[in-house]
Amino acid sequence: MLSSLAQFLDQHSRQLLDSLDNEHIEKQLDNFAKLCKPSRVVVLGDSEKEIHYIRELAKERGEEASLELSGHTIHFDGYHDLARDLGSTKVLTTPVVKLSKRINAIDRDRGLSEIFGLLDGSMSGKDMLVKFYCLGPTNSKFSIGAMQASDSAYVLHSEDLLYRQGFKQFAKLGGSKEFFSFLHSAGALDERKTTKNYDKRRIYVDVTDGKVYSVNNQYAGNSVGLKKLALRLAIYRANHQDWLAEHMLIAGVHPVNKKRVTYFVGAYPSMCGKTSTAMIPGNTIVGDDIAYLRKDREGNCRAANIEHGIFGIIQDVNPVDDPVIYAALTTPRELIFSNVLVSEGYPYWLGMGKEDIPEKGVNFSGDWWKGKKDSDESEIPLAHPNARYTMRLAELENVDPNYDDRKGVIVEGVLYGGRDSDTNVPVSEALSWEHGVYMGATLESETTSAIIGKAGVRRHDPMANIDFIVVPLGKYLENHFEFGKRLVRKPRVFSTNYFLKHDGKYLNTKLDKKVWILWAEGRVHNDYDAIRTPIGFLPKLSDLDYLFKDIFQRNYSKEDYLEQFSVRVSKYLEKILRIEQYFENESDLPEEFWSVLKTQKSELLELKQETGKDTLPPEYFT
Ligand code: SPV
Ligand code: MN
């Protein structure tokens, strides 16, 4: 044991580190302690007692407060720290690191010196808490060990809810340095226990060293290392090996009256229906945010949820649209609410479907009353649109029985969906794996409040992963094409769009997605024929009508079908122009990508010339 580290440790911490017998861990912690200068370094194992210690510590320090229902707590992030901060998140580069052009990067030496400056002494008077987790099921091909050091009990409490305990996994490392590590400090706190120096917020990702440093923030997307910070490290690793690290849900889809389950993964930018797709009534959930995908020995695509909890958006969770989550949020269990309104010990949020919401309470802005304005004279809503809940997946009644399977589940379908008001149909199937990768790569979405910045702007978001792709886009897409080529049983790929509008009004209800997903499930098993068009295979009216009747006991009219499923040829051509512009400056895009684009473009142009029409009904293609 390094004597400089030993002086920070109590006997239990020391015993734990001794039992890991890993010089890399000790060296890193020694460096972290020298840098952050905490009073103590408290190392924690996997036991219930240690989990309980963190849970209580978060309350004792005022980072969380108990609510009325047993196990419920409230945590507030700072007023300026309520979403993922891409501007302050940078990848450290050296001449050997090649990145996607759109990734915010900084020279490694410069970045390290800047962030070390900010971390210097950041924990004085506080404890550095250290825990070991496992990304993915333990003892599995998917497992990656992750060490978190933080001065925030909220961060560790969140990780205890969201990730699998990994001390035993680390014990098996046998001294290797094949693990990720995360150092976080919330920095100086104000009287609300929120970060004072949020303007000095930094999140620096050292992809070659498998480490992330994060300082002066608390919002989980910035502070909880195992979430999006680890996703960046995993993407770097996966793209230098032969697997995929994706921003994807995993769900078991159960068709009505049939005894089978078909597993789907799905990529959706934040607030585009991802959790609600994973939570469709009747289906089972394996994961709602991050999946690792690997080929198994038989050539199947396998997916594992690297988390075992949900950090979900609470806005619009109500008994009608999300009955399962709503039930979980309103009954006693271990659960952290963040950035909601609290009044008399109960949480309130936007779109919760309640008539009698209090007109005052405490929210992300401090004391709140109806009509309260911010410094720009805009009214402050009762809860933040990116307010969240954090809980274990196993708490949900619809958790999939295989959610913890070390082999993962066999994936038969892939979904890609954005927020698109005027172009894409509600559901279509890719013409091939290559076309599927193209569908994912050309995902566009109108921005939401999950990211700091303006909402409602159309943004390209390949595989809903653009914020995290820390390799060149060409390499990332190549990895997808190659992954599919190696599979013996390739999943079918689908694109969905829940947000199509006409005259400003949504064309579908939130529940309709169940039909689109069950149609996709049926396609996997060749239950339905489909109509081939340049944009993909479209459903037939008769099959959708059958599904709407079967699921919702209502008809699906021809009028609705034509409005929703006609191919918007001109709009697609506009989209292709945007795609060409977006990708033209990316070097080394795989040939397969351009080949799909060229084929689609020439087919659409031909149709337009032939018919002179902007939009063509599905029947035109039969
Ligand atoms: C998302 O917004 O996609 C999330 C939450 O899953 S965050 O951790 O902020 O990325
Ligand atoms: Mn996410």
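Residues numbered from 1 in each chain as written. Chains lettered and ligands numbered in written order. Predicted model: local features only at pLDDT ≥ 70, side-chain atom pairs only at ≥ 80, totals over all residues. Heavy atoms only, no water.

Draft legend 1. Summary view of the nonpolar core. Counting residues in each nonpolar core, the largest one holds 166 residues, and the members touching the most others are Leu-135, Leu-329, Trp-349, Leu-477 and Phe-593. The element that contributes the greatest number of residues to this core is helix H9 (residues 225-238), accounting for 9 residues. For Leu-477, the residues in contact, after removing those within four places along its chain, are Val-437, Ala-441, Met-463, Phe-583, Leu-589, Pro-590 and Phe-593. Counting residues in each nonpolar core, the second largest holds 32 residues, with Leu-35, Met-128, Phe-179 and Tyr-204 among its members. (Core = buried A, V, L, I, M, F, W, Y, C linked by side-chain atoms within 4.5 Å. Buried < 20%, exposed > 50% of the residue type's maximum accessible area, 1.4 Å probe, protein only. Helix = DSSP H or I, 4+ residues; strand = E, 2+ residues; numbered from the N terminus. Contact = heavy atoms within 4.5 Å.)

Draft legend 2. Here's a closer look at the pattern of salt bridges. Enumeration according to the criterion identifies 47 salt bridges in this entry. The salt bridge partner of Glu-307 is Lys-227, with a shortest N-O separation of 2.8 Å. Taken as a pair, Glu-307 in the loop between strand S17 (301-305) and strand S18 (309-313) and Lys-227 in helix H9 lie far apart in primary sequence, 80 residues in all. In this structure, Glu-307 and Lys-227 share a single accessibility class: buried. Between Asp-512 and Arg-554 there is a salt bridge, and its shortest N-O distance comes to 2.9 Å. Here Asp-512, found in the loop between strand S31 (505-506) and helix H14 (513-524), pairs with Arg-554, found in the loop between helix H15 (541-552) and helix H16 (558-565); they are 42 residues apart in sequence, far enough to count as distant. The network of salt bridges with common partners includes Lys-227, Lys-228, Lys-274, Asp-289 and Glu-307. (Salt bridge = Lys/Arg side-chain N within 4 Å of Asp/Glu carboxyl O.)

Draft legend 3. How the structure looks around the site of ligand 1. Close contacts around ligand 1 come from Arg-84, Tyr-219, Gly-221, Lys-227, Lys-228, His-247, Ser-270, Asp-289, Phe-311 and Arg-388, and that covers them all. Ser-270 has a polar side-chain atom sitting 2.5 Å from an oxygen atom of ligand 1. With respect to ligand 1, the side chain of Arg-388 contributes an N or O atom lying 3.2 Å from an oxygen atom. Within the complex, the protein chains bury 96% of what would otherwise be the 280 Å² of accessible surface of ligand 1. Structurally, ligand 1 is housed in the largest pocket. Class assignment of the residues belonging to the shell around ligand 1 gives a composition of 2 nonpolar, 3 polar and 5 charged. Residues lining the shell around ligand 1 come from more than one domain, with at least three contributed by each of domain 1 (3-62 + 81-238) and domain 2 (245-308 + 404-621). (Near = heavy atom within 4 Å. Polar contact = N/O pair within 3.5 Å; in protein donor to acceptor, adjacent residues only side chain to side chain. Areas by Shrake-Rupley, 256 points an atom, 1.4 Å probe, with all protein chains shown as cover. 1 Å grid on protein atoms, 1.4 Å probe; cavity = no way out; pocket = protein on both sides within 12 Å on 5 of 7 lines; lining within 4 Å. Sits in = over half its atoms within 2 Å of the grid points. Nonpolar A, V, L, I, M, F, W, Y, C, P; charged D, E, K, R; others polar. Domains from an automatic or database assignment.)

Draft legend 4. Structural view of helix H18 (residues 591-611). Taking 1.5 Å as the rise per residue, H18 with 21 residues should run 30 Å; its terminal C-alpha atoms sit 30 Å apart, in good agreement. Listed as buried for H18 are Glu-592, Phe-593, Val-596, Leu-597, Gln-600, Leu-604 and Leu-607. All buried residues of H18 fall inside an arc of 135° around its axis, so they share one side. Exposed side chains of H18 directed beyond 90 degrees from the buried face belong to Glu-591, Lys-598, Gln-609 and Glu-610. Looking at the packing, one finds that the buried side of H18 touches helix H12 (433-441), helix H13 (473-486), strand S34 (567-568), helix H17 (569-584) and strand S35 (615-616). Just downstream of H18, Gly-612 is the residue with a positive phi angle, here 70°. (Expected span 1.5 Å × (residues − 1). Arc of directions from axis to C-beta.)

Draft legend 5. Looking closely at unusual backbone geometry. With phi around 65°, Lys-193 is a residue other than glycine that occupies positive phi space. Inspection of the secondary structure puts Lys-193 in the loop between strand S9 (179-185) and strand S10 (202-206). Look at Asn-339: it is not a glycine, yet its phi comes out positive at around 65°. Take Asn-339: it is sitting in the loop between strand S19 (335-338) and strand S20 (341-343).

Draft legend 6. Local environment of the pairing of strand S4 (residues 89-93). Within S4, 4 of the 5 residues are buried, which leaves it mostly tucked inside the rest of the structure. Sheet topology note: the S4/S10 ladder contains 3 bridges and is parallel. Following the sheet pairing, Lys-90 is matched in S10 by Tyr-204. In the sheet, S4 pairs with strand S5 (residues 105-107) via 3 bridges, with the strands oriented parallel. Looking across to S5, one finds that Val-91 is bridged to Ala-105. (Pairing = 2+ DSSP bridges.)

Draft legend 7. Quick peek at empty space enclosed by the protein. Evaluation of the coordinates by the stated rule reveals 4 cavities of 30 Å³ or more. By volume, the largest cavity amounts to about 230 Å³. Taken together, 21 residues line the largest cavity, and the ones lying closest to its centre are Asn-424, Met-439, Thr-442, Ser-495 and Lys-575. No other element matches the 4 residues that H17 contributes to the lining of the largest cavity. Across the lining of the largest cavity, the residue classes tally to 8 nonpolar, 10 polar and 3 charged. (Points joined across faces, edges and corners; volume = space filled by probe spheres on them.)

Draft legend 8. Highlighting the environment of Lys-372. With respect to the helices and strands, Lys-372 occurs in the loop between strand S23 (366-369) and strand S24 (388-392). On the basis of relative accessibility, which here comes to 11%, the residue Lys-372 falls in the buried class. Spatially, the C-alpha atom of Lys-372 lies 47 Å from that of Val-437, the residues being 65 residues apart in sequence. At a separation of 3.1 Å, a polar atom in the side chain of Lys-372 contacts the main-chain carbonyl oxygen of Ser-365.

Draft legend 9. View of the packing of H12 against H13. Between H12 and H13, whose axes approach to 10 Å, the crossing angle comes to 150°. Here H12 lies roughly antiparallel to H13, going by the angle between them. Taken as a pair, H12 and H13 cross one another with a handedness that is right-handed. For the pair H12 and H13, contact is made by Trp-433, Glu-434, Val-437 and Ala-441 and by Leu-477, His-480, Phe-481, Phe-483, Gly-484 and Lys-485, respectively. Of the residues assigned to the contact of H12 with H13, the class counts are 6 nonpolar, 2 polar and 2 charged. (Axes fitted to C-alpha atoms, helices over the stretch in contact; angles between N-to-C directions. Parallel < 35°, antiparallel > 145°, perpendicular 65-115°, else oblique. Left-handed = near helix turned anticlockwise from the far one by under 90°.)

Draft legend 10. Focus on the layout of surface pockets. Of the voids in this model, the largest pocket is the one considered here, and its volume is about 1,000 Å³. What lines the largest pocket is a set of 47 residues, and nearest its centre among them are Met-271, Cys-272, Gly-273, Lys-274 and Ser-276. Where the lining of the largest pocket is concerned, the elements lending two or more residues are H9, helix H10 (274-278), S18, helix H11 (323-329), S24 and H14. Looking at the lining of the largest pocket residue by residue, the classes come out as 23 nonpolar, 10 polar and 14 charged.

Distances and angles like these do not, on their own, reveal function.
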